Amino acid sequence: MRPVRVLVHLNNLALGGAQLNAVDIARTLRERGHEPVLFAQGVAGPAPLVDIAAGHGLDVVVAGGPDTPHAEVRRRLGRLAAEHGSQLLHAWEVRAARNAYFGPGRYGRLPVVTTFYGIRMLRGLPRHQPLVLGLGALMGDGRAFGHRDVSLIEPPVDTVTDAPGAADGAAFRREHGIRDEELLLVVVTRLVPALEKDAGAELTVDAVRLLDDPRVRLAVVGAGPSLERLRARAAEANEALGREAVLVPGQLADPRPAYQAGDVVLGMGGSALRGLAFGKPVVVHGADGYTAVHEPGPLVEPHASRCMYGFGDGSREPAALAGQLRGLLDDPVRRAELGDWGREWVVGRFSLESVTTAFEELYGRVLARPGGAVGWLKDLEQMARFEFAKPAGLRLLRR
């Protein structure tokens with residue numbers, strides 16, 4: 001394939017799954033001879049994703065701050081597209097898709113591909129531009145919402161850098177006072193209410209408290225608006241158990257040592273996939289108190305089709321999770337078998353190389369037959385409604 005100059009519009013600059021996926025795909029594209037450049041709207045406070053991208057030799061252009069008007073963000077996006085000589089714009093998630101549509105993609109002047117890795121289909125995305133979904137469970141919804149060109153490309157895992165022995169787990173244990181004989185549970189997540197990520201971490205704290213096993217420690221790695229609440233919950237658990245069973249060290253720019261250090265990984269989405277890539281048994285988190293061991297059997301495809309996510313019955317009681325953990329912690333042979341199986345499963349289905357190839361093929365198809373002005377105009381009424389009419393109506397209702 002000929003080199004492509006692709007402008008990648010990140011959803012935001014947080015250390016979330018979709019953003020890290022976008023950076024990983026962009027760097028792999030560059031290694032294959034393509035010319036990606038990354039764009040994002042600025043945030044209030046640190047933007048560690050910029051440093052991560054720079055570490056891979058990628059340029060990230062940050063436009064304004066979180067309160068910069070959309071029109072100005074789109075103007076800067078268009079200017080970057082012109083300076084870069086972009087042949088295609090790859091928008092990640094809803095806001096980026098709208099910026100692309102009303103910005104440099106206006107009138108179909110620049111082909112746009114949108115990737116949406118959410119767990120529930122959203123309206124307000126262009127229906128006559130190529131849409132990539134990361135969850136097989138959403139393919140039917142995407143077509144039902146009127147999207148004419150929908151592809152499934154599941155989220156990637158770098159199975160070279162995320163691999164057994166690729167990070168120093170022993171150093172992580174030493175730093176946090178975790179002895180070799182102790183069994184370490186690891187949660188790496190953004191501590192935010194979205195997708196109930198913070199609820200999964202809190203449920204795990206409660207399960208460790210219920211287990212009351214002196215061998216077991218838990219490390220929750222991550223940051224976000226729910227961090228202090230989680231630390232308070234951890235302090236309560238530690239006081240009840242009479243020891244430092246739960247550690248909440250905060251966010252790590254490189255969480256790989258935590259994955260490597262763990263005996264069991266708990267989480268959802270890309271974090272669960274990374275745990276599998278490190279050869280660890282994984283317990284999947286989800287909504288409404290969902291937890292389940294990822295193992296051969298009937299749950300494999302439902303987990304994969306929802307990107308390692310599930311839906312519970314709303315009980316949110318820690319007893320079920322404590323039982324799942326007990327079954328793993330008391331059986332080292334089972335942990336080893338699940339770790340080997342999970343590593344092989346991820347490599348075969350989610351490797352970064354195969355996912356990047358799928359995007360290359362999509363880019364080639366889009367560039368060969370760009371949608372042009374006709375497709376853009378077909379979406380104008382819907383996009384204007386979601387961009388202008390709906391927000392104006394909501395403002396009037398609040399008065």
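Predicted model, so just to flag it, every value in this text is computed and none were measured.

**Points about the sheet that holds strand E9 (residues 216-221)**
Next up, step 1: Strand order across the open sheet formed by six strands is E10-E9-E8-E11-E12-E13, with mixed pairing between neighbours. At either end of the open sheet lies a strand with only one pairing partner, and these are strand E10 (246-250) and strand E13 (291-293). This sheet shows a mean twist of 20° between the axes of neighbouring strands, independent of strand direction.
Next up, step 2: Bridging between strand E8 (residues 183-188) and strand E11 (residues 264-267) involves three bridges; their strand directions are parallel. If you follow Val186 over to E11, its bridge partner there is Val265.
Next up, step 3: Packed onto the sheet, helix H7 (residues 197-211) meets E8, E9, E10, E11, strand E12 (282-285) and E13 and runs at close to 165° relative to E9.
Next up, step 4: Where helix H8 (residues 227-241) meets the sheet, it contacts E9 and E10, and its direction lies at approximately 155° from that of E10.

**Let's talk about the nonpolar core**
Next up, step 1: Formed by 60 residues in total, the largest nonpolar core has its most connected members in Leu7, Leu89, Leu133, Phe172, Leu273, Trp345 and Val346.
Next up, step 2: With residues up to four places along the chain from it excluded, the contact list for Trp345 reads Leu273, Leu276, His294, Val300, Ala304, Met308 and Phe350.

**Regarding the pairing of strand E5 (residues 112-116)**
Next up, step 1: For E5, the tally of buried residues reaches five of five residues, placing the bulk of the element in the interior.
Next up, step 2: Side-chain alternation along E5 places Val112, Thr114 and Phe116 on one buried face and Val113 and Thr115 on a second face that is also buried.
Next up, step 3: Read as a crossover between parallel neighbours, the route from strand E4 (residues 88-92) over helix H4 (residues 94-102) to E5 is right-handed.
Next up, step 4: Here E5 pairs with strand E6 (residues 131-133) via three bridges, running parallel. Paired with Thr115 across the two strands is Val132, which belongs to E6.

**A word on the packing of aromatic side chains**
Next up, step 1: Throughout the structure, instances matching the rule amount to 11 aromatic pairs.
Next up, step 2: Here Phe102 and Phe388 contribute two aromatic rings whose centre-to-centre distance is 5.5 Å and whose plane-to-plane angle is 70°, an arrangement assigned as edge-to-face. On the criterion of sequence distance, the pair formed by Phe102 in helix H4 and Phe388 in helix H15 (residues 372-398) is long-range, its members being 286 residues apart.
Next up, step 3: Take Phe388: its relative accessible area is 47%, and that puts it in the partly exposed class.
Next up, step 4: When the ring of Phe359 is compared with that of Tyr363, the centres are 6.4 Å apart and the planes differ by 50°; the resulting orientation is tilted. With Phe359 and Tyr363 both in helix H14 (residues 352-368) and four residues apart, this pair spans about one turn of that helix. The residues Phe359 and Tyr363 share a single accessibility class, namely buried.
Next up, step 5: By the ring-pair criterion, three or more aromatic residues cluster together here, those being Tyr101, Phe102, Tyr107, Trp376 and Phe388.
Next up, step 6: We note Arg123 situated over the ring of Phe145; from NZ or CZ to the ring centre the distance is 3.9 Å.

**Side note on the pairing of E10**
Next up, step 1: Taken across its five residues, E10 has four buried, putting it largely inside the fold.
Next up, step 2: Pairing between E9 and E10: three bridges, direction parallel. Paired with Leu218 across the bridge in E10 is Val246.
Next up, step 3: Taking the sense of rotation as the criterion, the β-α-β connection linking E9, H8 and E10 turns out right-handed.

**Remarks on helix H1 (residues 17-31)**
Next up, step 1: Compared with an ideal rise of 1.5 Å per residue, which puts 15 residues at 21 Å, H1 spans 21 Å between its outermost C-alpha atoms and is within 8% of the ideal.
Next up, step 2: Burial within H1 is extensive, with 11 of its 15 residues counted as buried.
Next up, step 3: Among all positions of H1, only Ala18, Gln19, Asn21, Ala22, Val23, Asp24, Ile25, Ala26, Arg27, Thr28 and Leu29 are buried.
Next up, step 4: On the buried face of H1, the contacting elements are strand E1 (5-9), strand E2 (35-41), helix H2 (48-55), E4 and H14.
Next up, step 5: Positive phi shows up at Gly33, right after H1, with a value of about 100°.

Rules behind the numbers
- Residues numbered from 1 in each chain as written.
- Predicted model: local features only at pLDDT ≥ 70, side-chain atom pairs only at ≥ 80, totals over all residues.
- Heavy atoms only, no water.
- Pairing = 2+ DSSP bridges.
- Helix = DSSP H or I, 4+ residues; strand = E, 2+ residues; numbered from the N terminus.
- Axes fitted to C-alpha atoms, helices over the stretch in contact; angles between N-to-C directions.
- Contact = heavy atoms within 4.5 Å.
- Core = buried A, V, L, I, M, F, W, Y, C linked by side-chain atoms within 4.5 Å.
- Buried < 20%, exposed > 50% of the residue type's maximum accessible area, 1.4 Å probe, protein only.
- Right-handed = clockwise from strand over helix to strand, strands pointing away.
- Phe/Tyr/Trp six-rings, centres within 6.5 Å; stacked < 30°, edge-to-face > 60°.
- Lys NZ or Arg CZ within 6 Å of the ring centre and 35° of its normal.
- Expected span 1.5 Å × (residues − 1).

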